[in-house]
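Architecture at a glance
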Amino acid sequence: MILVGTRAGLFRVSDTHGQWSAERLLATDKPIMSLAVDATGERLYVGFYQGGMCASRDAGRSWRPIGANLPYQDVRTLALHPDDPDTVYAGTEPAALYVSRDNGQRFEELTAVRTHPAAKDWAFPIRPKLGHVRTLAFHPDDPQTFYVGIEVGSLLKTTDGGQTFVEAPDCGHDIHRALVLEDPARTVLVTTGLDTNAYKRTGYEGLFRSGNGGANYLQSNTGLGAYKYCEDAICAEPGRPQRVYLATARGIPPYWASMTRMVLGAALGRFAYFVTPSRLRRRSGAEVVLSASDDGGANWQRLETEGLPTPLFDMVWALAVAPDPGRPQLYLGTTGGDLYLGEPGGQSWRKALSGLPVITQLHALTA
């Protein structure tokens, strides 16, 4: 069973004797940009593009709006405190970080993000050209330590619960997703696109890796070839943390998005993401491929993905693995609304569903 966040609501997708079906838990005209779920699957938090957020305490049967006191209602990332499901973090555009300790009733700002000295350079390349908090990842052993990624900007680390932050050196700036592995080194992996704006001179792109607790980072694209562009599509296999899966595209838009529609949408104040280019006008799109690493992201090997079109025309923003170590099935969602199911190891795939709205988020539930 898996939760699927889309451009038009949240679905619970389940398998009944080999037949997959989708139940809509939440209908919305605001695209889902963030999804957080507690360990039981009962508490759900959803953040929307320019639409605030809402929460459920009964696995999606009922919902209530939360975060009314947030000054910014464009919620780009949500994360639950590992030890306290009543504590939820929300990252917004403009780039700021907030925390609620009462299940989302009221949020307070962790001002050290917005006031960080590096914030003067944070900017997304499309109007209104504001940076946003794109990702938050906790250290597995210490919830006071977590990483916050700004798109486009800095990777920040705190060791005091968000009171102070330090900027990671030598890391890409077009940050999409941070993942802390539960390996002995607590390796940090950061997916990025291609540095732009104030950071264009770096030439940084693709995956970045730190094997020393974030003290320094190196580009880690060995084996990816020309396919370095990644959104949120990275996950580690439970019980085997150095086995990591990564879906990457050949390049930035216009490979996987219509630049005309993105610019026009931004100019008119409309949703400007996930705008797949016309198949009639382009012979190729995102050209997404799937790779795996057995050494915590130091090296990558392209997977032979039987049943999964390779390369994929549509972009992949969401990749997840089932939390059960005994049955680590993979799930992959595309901006074309297709949901694929991968067998353990990622070598064999089949399409579970098609015709969903643009898939933006996936969260696999315990069987």
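Scroll up for the structure.
Remember, it's a predicted structure, so these values are computed and weren't measured experimentally. (Residues numbered from 1 in each chain as written. Predicted model: local features only at pLDDT ≥ 70, side-chain atom pairs only at ≥ 80, totals over all residues. Heavy atoms only, no water.)

Here the focus is the nonpolar core. In this structure, Leu97 and Val148 are the most contacted members of the largest nonpolar core, which totals 66 residues. Non-local contacts of Leu97, meaning those with residues more than four positions away in its chain, are made with Tyr89, Ala90, Gly91, Glu108, Glu109, Leu110, Val113, Leu136, Phe146, Val148 and Phe165. The next biggest cluster of nonpolar side chains, apart from the first, holds 17 residues, and it includes Phe11, Val13, Ala322 and Tyr331. (Core = buried A, V, L, I, M, F, W, Y, C linked by side-chain atoms within 4.5 Å. Buried < 20%, exposed > 50% of the residue type's maximum accessible area, 1.4 Å probe, protein only. Contact = heavy atoms within 4.5 Å.)

Turning to the side chain of Ser56, a few remarks are in order. Along the chain, the position of Ser56 falls in strand 6 (residues 53-56). The exposure class assigned to Ser56 is buried, which follows from its relative accessible area of 2%. Polar contacts involving the side chain of Ser56 include one to the main-chain carbonyl oxygen of Ser62, which spans 2.8 Å. Residues within four places of Ser56 in sequence aside, it is in contact with Glu42, Arg43, Leu44, Arg61, Ser62 and Trp63. (Helix = DSSP H or I, 4+ residues; strand = E, 2+ residues; numbered from the N terminus. Polar contact = N/O pair within 3.5 Å; in protein donor to acceptor, adjacent residues only side chain to side chain.)

A separate point is the sheet that holds strand 8 (residues 75-81). The four strands are arranged 8-9-10-11 in an open sheet whose pairing can be described as antiparallel. The open sheet has two edge strands, strand 8 and strand 11 (108-109), and neither has a second partner. Alignment of strand 10 (residues 96-100) against strand 11, held across two bridges, turns out to be antiparallel. In the strand pairing of strand 11, Val99 is matched with Glu108. (Pairing = 2+ DSSP bridges.)

As for its placement among the helices and strands, Thr335 is situated in the loop between strand 25 (330-334) and strand 26 (339-342). A distance of 3.1 Å separates a polar atom in the side chain of Thr335 from a polar atom in the side chain of Thr276. Filtering out sequence-adjacent residues up to four positions away, Thr335 remains in contact with Phe274, Thr276, Asp314, Met315, Trp317, Val358 and Ile359.

What follows deals with the sheet that holds strand 6. The four strands lie next to each other as 4-5-6-7, forming an open sheet whose pairing is antiparallel. What marks the edges here is a single partner per strand, and that holds for strand 4 (32-37) and strand 7 (64-66). Ignoring which end each strand starts from, the neighbouring axes of this sheet average 25° apart. Sheet analysis places strand 5 (residues 44-48) next to strand 6, joined by four bridges and oriented antiparallel. Bridge pairing in strand 6 places Gly47 opposite Met53. (Axes fitted to C-alpha atoms, helices over the stretch in contact; angles between N-to-C directions.)

What follows covers the pairing of strand 5. For a regular strand, the rule is simple: side chains alternate between the two faces of the sheet. Burial runs high along strand 5: five of the five residues are buried. Judged by which residues are buried, strand 5 turns out to be covered on both faces: Leu44, Val46 and Phe48 on one side and Tyr45 and Gly47 on the other are all buried. Relative to strand 5, strand 4 is paired through five bridges, and the arrangement is antiparallel. Directly across from Ala36, in strand 5, lies its bridge partner Tyr45. Hairpin remark: strand 4 followed by strand 5, antiparallel, with six residues in the connecting loop; positive phi at Gly41, about 80°.

Along helix 1 (residues 259-267), the residues that are buried comprise Met262, Gly265 and Ala266. Here the buried residues of helix 1 occupy an arc of 95° about the axis, which is enough to place them on one side. Turned more than 90 degrees from where helix 1 packs its buried face, Thr260 and Leu264 sit exposed. (Arc of directions from axis to C-beta.)

Before going further, it helps to examine the pattern of salt bridges. Evaluated as defined, the whole model comprises 15 salt bridges. With a closest N to O distance of 2.4 Å, Asp86 and Arg43 form a salt bridge. Residue Asp86 is found in strand 9 (residues 84-92), and its partner Arg43 is found in the loop between strand 4 and strand 5; the two are separated by 43 residues along the sequence. You can call Arg43 buried: its relative accessible area is 15%. Notably, a salt bridge pairs Lys351 with Asp338, separated by 3.9 Å at the nearest N-O pair. Of this pair, Lys351 sits in strand 27 (residues 349-353) while Asp338 sits in the loop between strand 25 and strand 26; the two residues are 13 residues apart in sequence, bridging distant segments of the chain. A residue is classified by how much of its surface remains accessible, and Lys351, at 42% relative accessible area, is partly exposed. With a relative accessible area of 14%, Asp338 lands in the buried category. (Salt bridge = Lys/Arg side-chain N within 4 Å of Asp/Glu carboxyl O.)

As a further point, take the pairing of strand 9. Pairing geometry for strand 8 and strand 9, over six bridges, is antiparallel. The partner of Leu78 across the bridge, within strand 9, is Ala90. When strand 9 meets strand 10, the two strands line up antiparallel, connected through five bridges. Of the residues in strand 10, the one forming a bridge with Val88 is Ser100. Between strand 9 and strand 10, which pair antiparallel one after the other, the connecting turn spans three residues.

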